Amino acid sequence: MTQSLGKDLLGLEPLSGEQIRLILDTAEPFKEISERTIKKVPTLRGATIVNLFFEASTRTRVSFEFAEKRLSADTVNVAASGSSVSKGETLVDTARNLEAMRIDMVVIRHGASGAARFLADRIESNVINAGDGTHEHPTQGLLDLLTLRDHFKRLDGIKVCIVGDVLHSRVARSNIWGLTKMGAQVGICGPRSLLPNSIDELGVTVFNRVEEAIEWADALNILRLQLERMQGGYIPSLREYNRVFGVSRERLDRAKRDILIIHPGPMNRGVEIDSDVADGPFSVILDQVTNGVAIRMAVLYLLSGGKPELAEAAKRGGGV
Amino acid sequence: MPRSILLRGGRVIDPSQSHDATADVLIVGDKIEAIGPRVGNDAAGRDGLETFDCTGLVVSPGFVDVHCHLREPGREEVETIATGARAAAAGGFTAVCAMPNTDPVTDNQAAVGFVLRQGTLADAARVYPIGAISVGQRGESLAEFGEMVSAGAVAVSDDGKPVVSAHLMRTALEYARTFGIPVADHCEEPTLAHGGAMNEGLVSTRLGLKGIPSEAEEIMAIRDILLARRTGGHIHLCHMSTRGSVELIRWGKDRHINVTAEVCPHHISLTEDAVDGYDTNAKMNPPLRTADDVAALQEAVRDGTIDLIATDHAPHHYDEKEREFAHAPNGIVGLETALAVNITWLVASDIIDLPTLIDRMSCAPARVFKLPGGSLNRGVSADVTVFDAGAKWIVDPKRFKSKGRNTPYAGQTLQGRTRVTIVGGRVAYRADA
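Quick summary incoming for the structure in this document. Source: prediction; values computed, not measured. (Residues numbered from 1 in each chain as written. Chains lettered and ligands numbered in written order. Predicted model: local features only at pLDDT ≥ 70, side-chain atom pairs only at ≥ 80, totals over all residues. Heavy atoms only, no water.)

## What about unusual backbone geometry?
Put simply, the test is: Numbering of helices and strands starts at the N terminus; helices are DSSP runs of H or I of at least 4 residues and strands are runs of E of at least 2.
Across the junction of B:Glu72 and B:Pro73, the peptide omega takes the value 5°, indicating a cis bond. You can see B:Pro73 is positioned in the loop between strand 6 (63-68) and helix 2 (81-90). Cis geometry is found at the peptide bond from B:Asp103 to B:Pro104, where omega equals 5°. As for its position among the elements, B:Pro104 is in the loop between strand 7 (93-98) and helix 3 (109-122). At A:Ser72, a residue that is not glycine, the phi angle is positive and equals roughly 70°. For B:His239, which is not glycine, the phi torsion reads 25° and is therefore positive. Note that B:His239 resides in the loop between strand 13 (235-237) and helix 9 (243-254).

## Remarks on the pattern of salt bridges
The test is simple: Salt bridges are defined as contacts in which a side-chain nitrogen from Lys or Arg sits within 4 Å of a carboxyl oxygen from Asp or Glu. Burial classes: relative accessible area under 20% of the type maximum marks a residue as buried, over 50% as exposed, and values in between as partly exposed (1.4 Å probe, protein chains only).
Evaluation of the coordinates by the stated rule reveals 39 salt bridges over all chains. For the salt bridge of A:Glu65 with A:Lys69, the shortest nitrogen-to-oxygen distance reads 2.8 Å. One end of the pair is A:Glu65 and the other is A:Lys69, both in helix 2 (residues 59-70) and four residues apart, which spans about a single turn. A relative accessible area of 37% means that A:Lys69 is categorised as partly exposed. Of the charged contacts in the structure, one is a salt bridge between B:Glu33 and B:Arg378, with a shortest N-O distance of 3.8 Å. Residue B:Glu33 is found in strand 3 (residues 31-36), and its partner B:Arg378 is found in the loop between helix 13 (354-368) and strand 16 (384-394); the two are separated by 345 residues along the sequence.

## Let's talk about the packing of aromatic side chains
Using the following cut-off: Side-chain rings of Phe, Tyr and Trp (the six-membered ring for Trp) are treated as a pair once their centres are within 6.5 Å; stacked means planes under 30 degrees apart, edge-to-face means over 60, and tilted covers the remaining angles. Cation placement over rings: the criterion is NZ of Lys or CZ of Arg within 6 Å of the ring centroid and within 35° of the ring normal.
For the coordinates displayed, the defined rule picks out eight aromatic pairs over all chains. Considering the side-chain rings of A:Phe207 and A:Trp216, the 5.1 Å spacing of their centres and the 45° angle between planes classify their relative orientation as tilted. Summarising the burial analysis for this pair, A:Phe207 and A:Trp216 share the class buried. The structure contains a cluster of three or more aromatic residues connected by ring pairs, namely B:Phe63, B:Phe93 and B:Phe387. The ring centre of A:Phe64 lies 5.0 Å from the NZ or CZ of A:Arg296, which sits over that ring. B:Lys283 extends its terminal NZ or CZ atom over the ring of B:Phe325, reaching a point 5.6 Å from the ring centre.

## Some details on empty space enclosed by the protein
Residue and element names in this part refer to chain B. To be explicit about the condition: Within this scheme a cavity is a closed region of a 1 Å grid, computed over the protein atoms alone, that accommodates a 1.4 Å probe without allowing it to escape, whereas a pocket is open but has protein on both sides within 12 Å along at least five of seven lines; lining residues each have an atom within 4 Å of a point. Grid points are joined across faces, edges and corners, and a volume is the space filled by probe spheres set on the points. For this classification, Asp, Glu, Lys and Arg are treated as charged, while Ala, Val, Leu, Ile, Met, Phe, Trp, Tyr, Cys and Pro are nonpolar and the rest, including Gly, are polar.
Summed over the entire model, instances satisfying the criterion amount to three cavities of 30 Å³ or more. As a volume, the largest cavity reaches approximately 60 Å³. In terms of lining residues, the largest cavity is bounded by His186, Cys187, Glu188, Ile212, Pro213, Ala216, Glu217, His239, Asn285, Pro286, Pro287 and Arg289. Split into classes, the residues belonging to the lining of the largest cavity amount to six nonpolar, three polar and three charged. In terms of lining, the second largest cavity is formed by Pro265, His266, Thr311, Ile332, Val333, Gly334, Thr337 and Tyr409.

## Re the sheet that holds strand 9 (residues 260-262) of chain A
Strand-to-strand pairing in sheets goes through backbone hydrogen bonds, with the strands running parallel or antiparallel. Residue and element names in this part refer to chain A. Operational definition: A pair of strands is labelled paired if DSSP reports no fewer than 2 bridges between them. To obtain an axis, a line is fitted to C-alpha atoms, over the contacting stretch when the element is a helix, and the angle between two such axes runs from 0 to 180 degrees between their N-to-C directions. Contact definition: two residues touch when any of their heavy atoms are within 4.5 Å.
On the basis of which strands lie adjacent, the open sheet formed by five strands has the order 7-6-5-8-9 and parallel pairing. Each edge of the open sheet is held by one strand with a lone partner, namely strand 7 (205-207) and strand 9. When the angles between neighbouring strand axes are averaged without regard to direction, this sheet yields 25°. By the bridge criterion, three bridges tie strand 6 (residues 185-189) to strand 7 in an arrangement that is parallel. Bridging across to strand 7, Cys189 finds its partner in Phe207. Helix-sheet contacts for helix 5 (residues 138-152) involve strand 5 (159-163), strand 8 (219-222) and strand 9, and the interaxial angle to strand 9 is about 160°.

## Side note on the side chain of A:Arg173
What counts is decided by this rule: Only four residue types enter the charge count: Lys and Arg as positive, Asp and Glu as negative, with His and the chain ends excluded.
Assignment of secondary structure puts A:Arg173 in helix 6 (residues 170-181). Buried A:Arg173, no salt bridge; nearest opposite-charge side chain is A:Asp165, N-O distance 7.4 Å. Once residues within four sequence positions are removed from consideration, A:Arg173 is found in contact with A:Thr134, A:His135, A:Val166, A:Leu167, A:His168, A:Pro196, B:Thr205, B:Arg206 and B:Gly208.

## Re the interface of chain B and chain A
Here is the rule: Summed over both partners, the accessible surface that disappears when two parts come together, traced with a 1.4 Å probe, is what is meant by buried area. Under this definition, polar contacts are N or O atom pairs within 3.5 Å; protein pairs additionally need one hydrogen-donor-capable and one acceptor-capable atom, and for neighbouring residues in sequence, both atoms have to be side-chain atoms.
On the chain A side, the residues contacting the 16 residues of chain B number 24 residues. Contact between chain B and chain A buries roughly 1500 Å² in total, counting both sides, with carbon and sulfur atoms accounting for 54%. For the pair chain B and chain A, the interface holds two salt bridges. Seen at the junction of chain B and chain A, the total is eleven residue pairs in polar contact (both at pLDDT 80 or more). With four residues, helix 7 (residues 202-207) of chain B is the single largest residue contributor to the side of chain B that touches chain A.

What follows is the structure, encoded as structure tokens:
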């Protein structure tokens, strides 16, 4: 049994349950750092990290940047627009140029599935996948797991239903792998045109109706509905989507128990989630964002060679 | 006295005359002179006789590839007709048909003449041009089949693209009948396949890649078969990849519809699992499918539902494949690995025997496309391949004669290797000792 994460974090599919638990446990001591007045420890002092964002992102990019800065790493942000990428440079050339500058880690967000793996196979630096196409978004999956574990005090045996556009969702894939590896039961619910045909082969339960999903689940992970799916002909209208699959207070009230609500953001209020649900008492959507920083600190720490048992010490001020 | 070649003591397999026995083959000038157990002794002492000891080797009619992309004109940095023809000879092919999706498109008699002339200058495997079905392969109006056939085109195809309009396909089948040539179609329903990068299934779901369902191929295959029934034209279905397509072809043949079909070596050997890890050398169109599809295609090669094996040789520049999977181009090189892949996955695993393989790689393609070759009968042009059916070798793309290096078989140990390729009585390829 290896506890080490290896060189890269490309997805949750290749990780074992042990490795996922290691990341979650390592995140615990890092949560507290963000609550301090001076939110900084010297753990990654001298490490150079590039945040390479080929797709627009606010939440994930800022979250990574805070995680890096709170660990005292030197960071550079590269966005696709305004970089040599917009001049036609290939991904492999971008990677080699960054490598030549002797960086330690790359955090990559890219529109093509497999882009993080592509980079990881070609450079020595650690690579963290911050979302690749419709493949995986492992740190989002991990922060969802941490948030669920905070609430339920366990992951084993809980029932989580992912609602929405699973077909195009990297968050859904990372959640399915992470939850099943940690012993949770996973449901998915959405219009059949937005669910992959072969999804049941991944060991999930498929619900056609959101009412059935609500009846079954302890928690709902509500996915953002990409507005362009309507133009793609996958659904007839946003209005109908809201009426058939939207998570509303009325629907939740009919459930026999309280259901925890998570959402990877950004939300389309009134489409996949109604405002009174998003802002309601069982929504932990902002806790997810807070946990995101701790999870990313844990991943950065572990990939840079940090020992999990030293995370407490690192928090108190030691280096890696 | 014309030069002569003696291929001595090989296992001579010529399905066209049901020959499978140890024998000598004597070539005089550009023709097959004789086959028989004592031909060598009788020929001994001829002036200028070049003798190849073929003991332990197979001597067969030269392989014919009805589907390859030689990239000239337009992409000479990727492949030229000369490098492609030499790669073909190295793979045991004595003739190849060049698809017309060049730049400019081979859609007129002058372009056909250019391909033919470059093929002659290459002086390796014979090169037969295939003309486009539609002008510019735009799928709008018919290209000039009559003039292209007069200039040397042996078939028409818009390969690389489907013929979207059923009306255009119907007309092409009818018009091609006039000239006795097949219409070779790339079966792909474009709205279903749109944006797809691999087979639709569990692997595409896991990798987050847009899938191409089997039905994208099968819908067009049955459309074409039905249009061949309507018109009496000869439809040739390119690179079939699914069990469903095999069943549709069988349905058509049972009804004596004029349909023929090909399969590529990669579709009878690899599955969608090869895409795992986002290996762009496992990206082709149609995509690698499932193990069940592979089994159905292997069986179809055995029982003849699939008439022949063609490479779909598609060289790409290294840089083009060295990128994100969804953005990488489709296709792999195939001319120099086809024989070994076919022997490894079909013959060594006892799906078919060597005579059947030689039929599918030589006799059948020559027959279906009405080309010379596919036989060692006395008096025919001496297009002959000598290969070692047992030789194991490790695929090293750097050693290819093709300019393309894009192969999913790199580093694999395969069985079966060309030793000598003779085109028109001239040695076009000889393996290093």
